[in-house]
Amino acid sequence: MTITSIISAIGNNSSIYPLLVRDCGIEVPTKILLTYDQNKKESKKVAKLAARERFLDEYSVSAVWLGGIPLVGAIADWVIKKTGYSPNVNLKLFNKNCAQNIEENIKKFAGKVPQKVIDELEKVKNNKATYEKLLAGKFLASTLIPVAFMGFILPKVIFASSAKKIEKQRALEKQQKTAATAFGAKNGFENSINFMNKKQISFKGGWIPTVANFSTVDKMFATDGGYAVGRVMTARNKNEAIDVGFKMTMMMFLNFIAPKYIAKYLDKFIGKAAGLEVALDPLMINDKEFLQAIKNNNLDLPIGNSEQQILDFIDKNPNSLFAKFANKFEKIKLIEKEEIAPKSMTERFKQLFKKKSPIKNPVRDPRAYVDIDNLVKFVEDIKSFAQNALKSKSLEAYAKKAKIVKSINILTNIGLSSFLLAYALPKAQFAFRKLVTGSELEPGLASAADDE
């Protein structure tokens, strides 16, 4: 994998890669250090406990958050396939007012795609209610299971572990104190743990058809919402609930919303300041075939912005450079006209790790829904880049500068959002905690400082 490929991956705010870099590589280690440093001002004992809790909590959550949701989703897909349905069929195709509704796709692609694909569309069309329930079940499983673990089970396990450590420490300290002092020692954790155990935890609410086609990142956002509720509900006391609520709200904003706006404004203002168009991915800007097509003025793009015009262009030109990049950046989905299914489980396993080869006989997947607005913007970004590149003295030099600026923007976004998450947010949380509780100690562990 080249440096450009790595930067491209971490710059895709619709994937898990930026979250992985920020979360495990930068945010968590920094938060652990800041947590220890903040608490040691009042109590070294609490600082050690708080840092230990943060370490266990953050890395356990990261493992479930980044691995649990895709894993549960994959298992759910396997279950759906076992019932005879394909999880690849998008429910948005049931919109009769669009040019890619399920009935039109069946008619249009019959004989142009493997019969298996048409059969899958037919089955979903004839059993929409059942299929909706299966996809709803998938969504609930891939969100509620991680929420239950991260929001309810994990904090109880960590709190109980901390309580045992506090009890053990207190037992040792009692041997060094007078009987009167030992008799007066209180375990502030007991009441909070008992209070937590008395709480009735339940999940309420229904499902909405649109959530069935959430991306992994969408599911992570939904999971974070439930995770935040769980953490507030399992808090050891009122102050901890307020403290956690503030942290989780800001964390969701900085993880899922802020990076997209940062990327947008970096591309707009820094690109404009440098006199460059940098909306495209650095992999595309660096592609020789793409640059040659611009240079030769034969970059074939859709004419018109209507849904029908865009889809017709792709279907008539599936081998075009535009279709190739639209597929690469997951704006459309292309499949082979004749798919050969692996014969054994061993072959299926090997395919998971096999490098994807270019599609030789591509055709648009009629099971997938195309976001036309997203595709129209992609066309406009390509046109804008091509026009500006042709106006420059050297197209190659222009592309090289644009790739560098775009790469810097991506790294700046990662750096800035990581700084906000790893440093600014904890500092804001500590200030908020001091304002609310009057103490810099972790609210759930503050009682442990009473023994010092």
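Treat the numbers as computed from the prediction; the structure is a model and nothing was measured.

(A) Inspection of the packing of aromatic side chains at higher detail. For the structure shown, the criterion picks out 11 aromatic pairs. Note on Tyr265 and Phe269: the rings are 5.9 Å apart at their centroids and 15° apart in plane angle, and the pair reads as stacked. You can see Tyr265 and its partner Phe269 sitting in helix H10 (residues 238-274), 4 residues apart, about one turn around the helix. Residue Phe269 is classed as partly exposed on the basis of its relative accessible area, which comes to 47%. Aromatic ring contacts, followed pair by pair, group Phe290, Phe313, Phe322, Phe325, Phe329, Phe378, Phe385 and Tyr398 into a single cluster. For the cation-ring pair, Lys123 lies above Tyr85, with the distance from its terminal atom to the ring centre recorded as 4.8 Å.

(B) Helix H13 (residues 307-316), seen in detail. Among all positions of H13, only Glu307, Ile310, Leu311, Phe313 and Ile314 are buried. Considered in projection along H13, the buried side chains sweep an arc of 160° and stay on one side of the axis. Of the surrounding secondary structure, the elements contacted by the buried residues of H13 are helix H14 (321-328), strand S2 (362-364) and helix H16 (372-391).

(C) Spotlight on the nonpolar core. Among the nonpolar cores identified, the biggest contains 36 residues, and Phe290, Phe322, Leu375, Phe378 and Phe385 are the most heavily contacted of them. Contributions of two or more residues to this core are made by helix H11 (282-285), helix H12 (288-295), H13, H14, H16 and helix H17 (395-437). Setting aside residues no more than four positions away along its own chain, Leu375 makes contact with Ile310, Ile314, Phe322, Ala326, Lys331, Ile332 and Val370. Counting 18 residues, the second-largest nonpolar core is a separate cluster that includes Leu93, Val113, Ile118 and Ile335.

(D) Summary view of the environment of Lys434. Position of Lys434 relative to the elements: it lies in helix H17. What makes Lys434 partly exposed here is its relative accessible area of 39%. When the C-alpha positions of Lys434 and Asp243 are compared, they lie 9.9 Å apart, and in sequence the two are 191 residues distant.

(E) Representation of the confidence of the model for the protein chain within the structure. Of all residues in the protein chain, 77% have pLDDT values of 70 or greater, and the mean over the chain is 79. The model gives residues 178-208 a pLDDT under 50, and that stretch makes 41 contacts with residues more than four places away or in other chains.

(F) Structural context of the pattern of salt bridges. A full pass over the atoms with the stated rule returns 17 salt bridges. Across the pair Glu122 and Lys125 runs a salt bridge, and its minimum N-O distance is 3.7 Å. Taken together, the residues span about one helical turn, with Glu122 and Lys125 both in helix H5 (residues 115-126) at a distance of 3 residues. Taking the relative accessible area as the measure of exposure, Lys125 reaches 30% and is therefore partly exposed. Taking the shortest distance from any N to any O, the salt bridge between Arg433 and Asp243 comes out at 3.1 Å. Of this pair, Arg433 sits in helix H17 while Asp243 is found in helix H10, placing the two residues 190 residues apart along the sequence. Here the two residues Arg433 and Asp243 agree in accessibility, since each one is buried.

(G) Examining unusual backbone geometry more closely. Here Asn297, not a glycine, exhibits a phi torsion of approximately 60°, which is positive. By the secondary structure assignment, Asn297 is in the loop between H12 and H13. In this structure, Glu330 is a non-glycine residue whose phi angle is positive, near 60°. Within the fold, Glu330 resides in the loop between H14 and strand S1 (334-336).

(H) Quick peek at H17. Spanning 43 residues, H17 covers 60 Å between terminal C-alpha atoms, matching the ideal 63 Å at 1.5 Å per step. Along H17, the sharpest change in direction is near 35° and occurs at Ala424; proline Pro426 comes one to four residues later.

(I) How the structure looks around the side chain of Asp281. Relative to the helices and strands, Asp281 resides in the loop between H10 and H11. Among buried Asp, Glu, Lys and Arg side chains, Asp281 stands out as unpaired, with Lys406 the closest opposite charge at 6.9 Å. A polar contact is formed between the side chain of Asp281 and the backbone nitrogen of Leu283, at a distance of 2.8 Å.

(J) Representation of the side chain of Glu277. Relative to the assigned elements, Glu277 resides in the loop between H10 and H11. The buried charged residue Glu277 lacks any salt bridge partner; its closest oppositely charged side chain belongs to Lys377, at an N-O distance of 7.0 Å. Within polar-contact distance, the side chain of Glu277 engages the backbone nitrogen of Ala279 at 3.1 Å. Ignoring anything within four residues of it in the chain, the contact list for Glu277 reads Asp381, Ser384, Phe385, Asn388, Tyr398 and Ala402.

(K) Structural detail: the packing of H12 against H16. Two elements in contact, H12 and H16, have axes whose closest approach is 10 Å; the angle formed by their N-to-C orientations is 65°. For the element pair H12 / H16, the angle class is roughly perpendicular. In terms of crossing hand, the pair formed by H12 and H16 is right-handed. Packed against H12, whose contacting residues are Phe290, Leu291, Ile294 and Lys295, the element H16 presents Ile382, Phe385, Ala386 and Leu390 at the interface. Counted by class, the contact of H12 with H16 contains 7 nonpolar, no polar and 1 charged residues.

Reading the values: rules and limits
- Residues numbered from 1 in each chain as written.
- Predicted model: local features only at pLDDT ≥ 70, side-chain atom pairs only at ≥ 80, totals over all residues.
- Heavy atoms only, no water.
- Phe/Tyr/Trp six-rings, centres within 6.5 Å; stacked < 30°, edge-to-face > 60°.
- Helix = DSSP H or I, 4+ residues; strand = E, 2+ residues; numbered from the N terminus.
- Buried < 20%, exposed > 50% of the residue type's maximum accessible area, 1.4 Å probe, protein only.
- Lys NZ or Arg CZ within 6 Å of the ring centre and 35° of its normal.
- Arc of directions from axis to C-beta.
- Contact = heavy atoms within 4.5 Å.
- Core = buried A, V, L, I, M, F, W, Y, C linked by side-chain atoms within 4.5 Å.
- pLDDT = per-residue confidence, 0-100.
- Salt bridge = Lys/Arg side-chain N within 4 Å of Asp/Glu carboxyl O.
- Expected span 1.5 Å × (residues − 1).
- Bend = angle between axes of the 7 residues up to and from the residue.
- Lys, Arg positive; Asp, Glu negative; His and termini not counted.
- Polar contact = N/O pair within 3.5 Å; in protein donor to acceptor, adjacent residues only side chain to side chain.
- Axes fitted to C-alpha atoms, helices over the stretch in contact; angles between N-to-C directions.
- Parallel < 35°, antiparallel > 145°, perpendicular 65-115°, else oblique.
- Left-handed = near helix turned anticlockwise from the far one by under 90°.
- Nonpolar A, V, L, I, M, F, W, Y, C, P; charged D, E, K, R; others polar.

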